[in-house]
Amino acid sequence: MLLLVAPAALVLVCFQIIPIFIGMNASFRDWSLVNPAKTWIGLKHYKDVLSDPVFLHTVLPNTFLLMVSSVVLSLASGLGLALLLNKPFLGRPIVRTVILLPLTVAPVITATMIRWSFNDQFGVITTLLNVLGFPEVGWLSDKWPSFSLIILTDVWIWAPWFTIIILAALQGLPKEPFEAAQIDASGPWKTFTHITLPMLKPVIIVCVLIRSIDAFRTFDQVWILTGGGPARETEVFSVYAYVEAFVHLDYGKGAAAAGLGALIMLVVGIGLYKLVNRLMEVSR
């Protein structure tokens, strides 16, 4: 058994464990990519990050806002699409294929497509909105329009993921409770809230847990769409760590920011895990 596990364990150690320790070591040193003296400075970088107004008042609120809004909207969209696709209708296989297309496109390509579509000068959607008489909006030059595009892109990418999983769960539900509801003349809404949703709760909770942790480290869409701008107003945790390490060339501070982000993710993950267990116990 040890020989069978050894190759996977070796890959894990080489490409995850060792880089983590290197990054943690860098976070305690004055490690600039311009002048890599690597002088030991202890917790100074952590203090600098925690006292940085951008990190406290912009990065963290943006990160949690993106996480919550993306998960909620993706879940709602995925649940609605799964309920529609669970019903037989003409051309359902084609519709399923079209809905799942965003999962086949790399997030970088999707973000680039959204950025071009909402460009202030030649964007297709911007031009269409102007023709329809809507007021001009600085989609990529103002904070909230830019942040809305980031959320829209994230929902576009991840709603099909929720759709696939919830649709599979719907098709695996027993038919007897729904037949009993029809006999009792229960309406569609009552059937959904009292039968379908409670039976889907375990699947939905697990999906929310996995997606919430993943949404916390979103980087591709934010970097391609806004780069954290305008004026760092849409910057999230992963972009902040990248900017400190590879734009400001302060590898130590970037590593410290990444370490703090990992601790925050750990706390959030433990909290979500306890919440999941609590909800699962209640659902039983």
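We now turn to the structure provided with this report. (Residues numbered from 1 in each chain as written. Predicted model: local features only at pLDDT ≥ 70, side-chain atom pairs only at ≥ 80, totals over all residues. Heavy atoms only, no water.)

Right, let's talk about a nonpolar patch on the surface for a bit. Together, Leu33, Val34, Trp223, Tyr242, Phe246, Val247 and Leu249 make up an exposed nonpolar region whose accessible area comes to about 610 Å². At three residues, helix H11 (residues 237-247) tops the list of elements feeding residues into the nonpolar patch. In this structure, Val34 sits in the loop between strand S1 (29-30) and strand S2 (39-40). (Patch = residues over 30% accessible without salt bridge, like charges linked within 9 Å, V, L, I, M, F, W, Y side chains within 5 Å. Areas by Shrake-Rupley, 256 points an atom, 1.4 Å probe, with all protein chains shown as cover. Salt bridge = Lys/Arg side-chain N within 4 Å of Asp/Glu carboxyl O. Helix = DSSP H or I, 4+ residues; strand = E, 2+ residues; numbered from the N terminus.)

Now for the packing of helix H3 (residues 53-85) against helix H7 (residues 143-171). Put simply, H3 and H7 touch, their axes get as near as 6 Å, and they point 40 degrees apart. Between H3 and H7, the angle falls in the class oblique. Relative to H7, H3 is oriented so that their crossing is right-handed. The residue inventory of the contact of H3 with H7, partitioned by class, reads 21 nonpolar, seven polar and two charged. (Axes fitted to C-alpha atoms, helices over the stretch in contact; angles between N-to-C directions. Parallel < 35°, antiparallel > 145°, perpendicular 65-115°, else oblique. Left-handed = near helix turned anticlockwise from the far one by under 90°. Nonpolar A, V, L, I, M, F, W, Y, C, P; charged D, E, K, R; others polar.)

Counting residues in each nonpolar core, the largest one holds 17 residues, and the members touching the most others are Leu66, Leu149, Ile150 and Val222. The element that contributes the greatest number of residues to this core is H7, accounting for six residues. Look past the residues within four positions of Ile150 in its chain and what remains in contact with it is Leu66, Val222, Leu225, Thr226 and Thr234. Core analysis: the second largest hydrophobic core is formed by 16 residues, Ala82, Phe162, Ile166 and Cys207 among them. (Core = buried A, V, L, I, M, F, W, Y, C linked by side-chain atoms within 4.5 Å. Buried < 20%, exposed > 50% of the residue type's maximum accessible area, 1.4 Å probe, protein only. Contact = heavy atoms within 4.5 Å.)

The next subject is the environment of Leu75. Along the chain, Leu75 falls in helix H3. For Leu75, a relative accessible area of 18% corresponds to the buried category. Sequence separation between Leu75 and Ile109 is 34 residues, and the spatial gap between their C-alpha atoms is 23 Å. Beyond its immediate chain neighbours, meaning those up to four positions away, Leu75 contacts Phe162, Ile166, Ile204 and Val208.

Moving on, we get to the packing of aromatic side chains. Under the counting rule described, the total for this entry stands at 15 aromatic pairs. Taking the centre distance of 5.5 Å and the plane angle of 40 degrees together, the rings of Phe28 and Tyr46 count as tilted. On the criterion of sequence distance, the pair formed by Phe28 in the loop between helix H1 (2-27) and S1 and Tyr46 in helix H2 (residues 44-50) is long-range, its members being 18 residues apart. Arranged with centres 4.8 Å apart and planes meeting at 65 degrees, the rings of Trp223 and Tyr242 form a pair that is edge-to-face. (Phe/Tyr/Trp six-rings, centres within 6.5 Å; stacked < 30°, edge-to-face > 60°.)

Nothing here speaks to function; it is geometry throughout.
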